[in-house]
Amino acid sequence: MNPTDTSSAEWDIAAVRDHFLFPAEGRVVTNNAASTQPPRELLELYRSLAPGYENVHRGQSDASRELTRLFEDAYDTIAQFLGAPSRRSVALYRNTTEAINAVLYSLLTEFRDGDNVVTTMLEHNSNYVPWSALCRDILPRFGRRVDCRLARFDPETGELDLEHLASLIDARTKLVCCTGASNFLGTRPPLETVRDLADASGYVQPNGEERSYLLVDGAQLVPGTFTDVQALGADYLAFSFHKLLAPFGVGVLYAREHLLESSLPFLYGGDMIAEGRVFPGGVEYGPLPWKYAAGTPNILGAIVSAQALRLLHDLALTPTQAHYFGTGRPIERETTRRAMDRISAWNRHLTARALERLEAIPGLTIYGPGDAARRTSLVAFTVAGHDSGDLAHALNDAGVEARAGCHCATLAHHALGLTPAGSCRLSFYLYNTPEEVDVAVDALAAIVAGRRRVRGGRDVPVVGPAGR
Ligand code: PMP
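Residues numbered from 1 in each chain as written. Predicted model: local features only at pLDDT ≥ 70, side-chain atom pairs only at ≥ 80, totals over all residues. Heavy atoms only, no water.

Q: How would you explain the environment of A246 if you had to name every residue and give the values?
A: Mapped onto the elements, A246 comes out in the loop between β7 (236-240) and β8 (251-255). With relative accessibility at 2%, the residue A246 sits in the buried group. Linking A246 and V194, residues 52 residues apart in sequence, is a C-alpha distance of 30 Å. Discounting residues that sit within four places of it in the chain, A246 has contacts with L42, F241, S305 and A308. (Helix = DSSP H or I, 4+ residues; strand = E, 2+ residues; numbered from the N terminus. Buried < 20%, exposed > 50% of the residue type's maximum accessible area, 1.4 Å probe, protein only. Contact = heavy atoms within 4.5 Å.)

Q: Tell me about the pattern of salt bridges, and name the residues and values.
A: Using the criterion set out here, one finds 31 salt bridges in the structure. In this structure, R88 engages E257 in a salt bridge whose closest nitrogen and oxygen atoms are separated by 2.8 Å. Note that R88 is positioned in the loop between α3 (62-82) and β2 (90-93) and E257 in helix α9 (residues 257-262), a separation of 169 residues in sequence. The exposure class of E257 is partly exposed, given its relative accessible area of 28%. A salt bridge links R337 to E334, with the shortest nitrogen-to-oxygen separation between them at 3.5 Å. You can see R337 and its partner E334 sitting in helix α11 (residues 333-358), three residues apart, about one turn around the helix. Among the residues examined, R337 registers a relative accessible area of 35% and is labelled partly exposed. Members of the salt-bridge network, linked through shared partners, are R195, D199, E209, R211, D235 and R256. (Salt bridge = Lys/Arg side-chain N within 4 Å of Asp/Glu carboxyl O.)

Q: Summarise the site of the ligand; cite the residues concerned and give the values.
A: Near the ligand lie 13 residues; those nearest to it are T97, D217, Q220, S240 and K243. Measuring from a nitrogen atom of the ligand, one finds a side-chain N or O atom of H124 at 3.3 Å. The fraction of the free accessible surface of the ligand (400 Å²) that becomes covered by protein chains is 90%. Of the residues assigned to the shell around the ligand, the class counts are two nonpolar, nine polar and two charged. (Near = heavy atom within 4 Å. Polar contact = N/O pair within 3.5 Å; in protein donor to acceptor, adjacent residues only side chain to side chain. Areas by Shrake-Rupley, 256 points an atom, 1.4 Å probe, with all protein chains shown as cover. Nonpolar A, V, L, I, M, F, W, Y, C, P; charged D, E, K, R; others polar.)

Q: So what's going on with the packing of helix α10 (residues 299-317) against α11? Which residues, and what values?
A: Where α10 meets α11, the axes come as close as 9 Å, and the angle between the chain directions of the two elements is 65°. Of the two elements, α10 crosses α11, and the hand of that crossing is left-handed. Here L312, H313, A316 and L317 of α10 lie close against α11, whose contacting residues are T335, T336, R338, A339, M340, R342 and I343. Tallied by class, the residues present in the contact of α10 with α11 amount to six nonpolar, three polar and two charged. (Axes fitted to C-alpha atoms, helices over the stretch in contact; angles between N-to-C directions. Left-handed = near helix turned anticlockwise from the far one by under 90°.)

Q: An account of the packing of aromatic side chains is needed here, citing residue identities and associated values.
A: One pass over the structure, following the stated rule, counts 14 aromatic pairs. Seen in terms of ring centroids, F20 and Y431 are 4.8 Å apart; in terms of plane orientation they differ by 65°. Their pairing is edge-to-face. Of this pair, F20 sits in the loop between α1 (13-17) and β1 (28-29) while Y431 sits in the loop between β15 (423-427) and α14 (434-448), placing them 411 residues apart in sequence. Overall, the relative accessible area of 3% leaves F20 in the buried class. (Phe/Tyr/Trp six-rings, centres within 6.5 Å; stacked < 30°, edge-to-face > 60°.)

Q: Now, about the sheet that holds β15: what can you tell me, with residues and values included?
A: Hydrogen bonds along the backbone pair up the strands of a sheet, which may run parallel or antiparallel. The four strands are arranged β11-β12-β15-β14 in an open sheet whose pairing can be described as antiparallel. Strands at the two margins of the open sheet, each flanked by one partner only, are β11 (364-367) and β14 (403-405). Across the sheet, the mean angle separating the axes of adjacent strands is 30° when strand polarity is ignored. Pairing of strand β12 (residues 378-383) with β15, which is carried by four bridges, proceeds in the antiparallel orientation. Bridging across to β15, L378 finds its partner in S427. Seen against the sheet, helix α12 (residues 388-397) touches β12, β14 and β15 and runs at an angle of roughly 40° to β15. (Pairing = 2+ DSSP bridges.)

Q: Describe the pairing of β15, with residues and values.
A: Counting buried positions over the five residues of β15 gives five, a clear majority of the element. Of the two faces of β15, the one lined by S423, R425 and S427 and the one lined by C424 and L426 are each fully buried. Across three bridges, the pairing between β14 and β15 is antiparallel. Residue G405 lies in a different strand from β15, and its bridge partner there is S423.

Q: Tell me about a nonpolar patch on the surface, and please be specific about residues and values.
A: On the surface, L264, Y268, V278, V283 and Y285 cluster together into a nonpolar patch covering about 430 Å² of accessible area. Residue position: Y285 is located in strand β10 (residues 282-285). (Patch = residues over 30% accessible without salt bridge, like charges linked within 9 Å, V, L, I, M, F, W, Y side chains within 5 Å.)

Q: Describe the state of the cysteines, with residues and values.
A: On inspection of all chains with the given rule, the structure shows zero disulfides. Looking at C408, it has no disulfide partner, and the nearest cysteine sulfur is the one in C406, 6.0 Å off. (Disulfide = S-S within 2.5 Å.)

Q: Talk me through the sheet that holds β2; I want residue IDs and the actual numbers.
A: Strand order in this open sheet of seven strands is β2-β8-β7-β6-β5-β3-β4, and the pairing throughout is mixed. Where the open sheet ends on each side, the last strands, each with one partner, are β2 and β4 (147-151). Strand-to-strand twist of the sheet, defined as the mean angle between neighbouring strand axes without regard to direction, takes the value 20°. Where β2 meets β8, four bridges bridge the pair, whose relative direction is antiparallel. For Y93, the partnering residue across the bridge sits in β8 and is G251.

Q: Lay out the domain arrangement of the chain with the relevant residues and their values.
A: The domains assigned to the chain are domain 1 (49-303) and domain 2 (344-467). Summarising the inter-unit geometry, the C-alpha centres of domain 1 and domain 2 are found 32 Å apart. The interface of domain 1 with domain 2 comprises 28 residues on the first partner and 24 residues on the second. Taking both sides of the interface into account, the surface hidden between domain 1 and domain 2 amounts to around 2000 Å²; carbon and sulfur atoms contribute 59%. Viewed at the interface, domain 2 and domain 1 are joined by one salt bridge. (Domains from an automatic or database assignment. Buried area = accessible area lost by both parts, 1.4 Å probe.)

Q: A description of the nonpolar core should follow, citing residues and the corresponding values.
A: Ranked by internal contacts, the top residues of the largest apolar core, which has 140 residues, are L82, W131, Y236 and L430. Counting residues per element, this core draws most heavily on α10, which supplies twelve residues. Leave out the neighbours within four places in its chain, and W131 touches I100, V103, L104, V117, C148, L175, C177 and L215. (Core = buried A, V, L, I, M, F, W, Y, C linked by side-chain atoms within 4.5 Å.)

Q: Let's hear about α10: which residues, and what values?
A: Taking 1.5 Å per residue as the helical rise, α10 with its 19 residues ought to reach 27 Å, and the 28 Å between its terminal C-alpha atoms agrees with that figure. Counting buried positions along α10 yields 18 of 19 residues, so the element is predominantly enclosed. At the N-terminal end of α10, a side-chain oxygen is found 2.9 Å from the backbone nitrogen of G301, two or three residues along, and the residue is N298. (Expected span 1.5 Å × (residues − 1).)

Rendered as structure tokens:
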């Protein structure tokens, strides 16, 4: 076994699963690239915050001050987890999509006629549609022409075509937008190389910096990979907490502090202004990070999300014992690296098994890199003669929660000539077991062989033309 793999002996999967409610329902949860499951501690945390429920930055009560402290601490935990210099680099939004749109609106006034934005065919629509809208719908109304360019990927391997990317980046490229991991192909583009290409563009930003900015869509990267924004050299990084154990509602935008300092916010209103500095003739914005926190925020969501990061360390390192969860204890970078490396290794172990076993199903085509080490923890495929939606429904009948569709990676489906633009996807996270991978693959094999499988692995006679 590869020494970096996490074997079942090293990963106490039973202890990890004990933190979750879904196993008791018999669910085979393999749609984790869409959203992960919430551990019971986080649901309990919501309840435990209720007696002190209050707004933040808007009250003198003990309750308000205590919740403000927890809310502000949440920013510190998130900054620490990302290796950001401080909370001043963190803005919270609803999700990755909103965080990326926040970058769009922050940079909106800076684009010059003749500039371009470079993104890739691997992107989720959240990291393409905003840039398409900016270039084709928004800026033309201001009389500015800005080009949206798309780097190709290799249809065989699913790897980003770096030569093509390099050919698109030039001295008019204000921004390069790249996914950290594709939610369809699983590809993990070499972000250091993308960073180097953006650095060398020669674009002159309004503040005199000579380089293109880099925005990384970290939605599929951050939940399973040690991410250090400073080592990465990203100017912007967005991700969603609902793919990282927390309940729905909170997304993160990390940005270099000087960019948040100088750019205009996306949203305007209460709490983002300097205390008392609002006059008929103008307004002074507040200090970071609150300049980017207009209106009453998702207070409990932010607190619970930051605690999800703490719990993530516990699950990866000491699943039977809370060490970081429920505390404000600083977490060393090395501890975060160790925890995330263990999660990566377990995810890779599951993905390798899925790749190996799926390959044996007749007529099945897997998309993206063949090697689990080169992909994130998901496998998307089609099966000749079978509609992907029908496969996902039949898998659900067998108790396996797959996802079919284009997963919002529409460009990549078109690029592969998939008509209709769809595939079926299994995606794994730290609580999945190798046995669940087997249940999913065995169910798929039975369905493809024309049998109808129900929960518990039993096959029943097929009724009707579609077998469902
Ligand atoms: N980017 C990627 C790579 C994703 O996988 C997703 C979610 N599927 C998003 C962006 C959008 O995330 P959200 O829906 O939380 O905004």
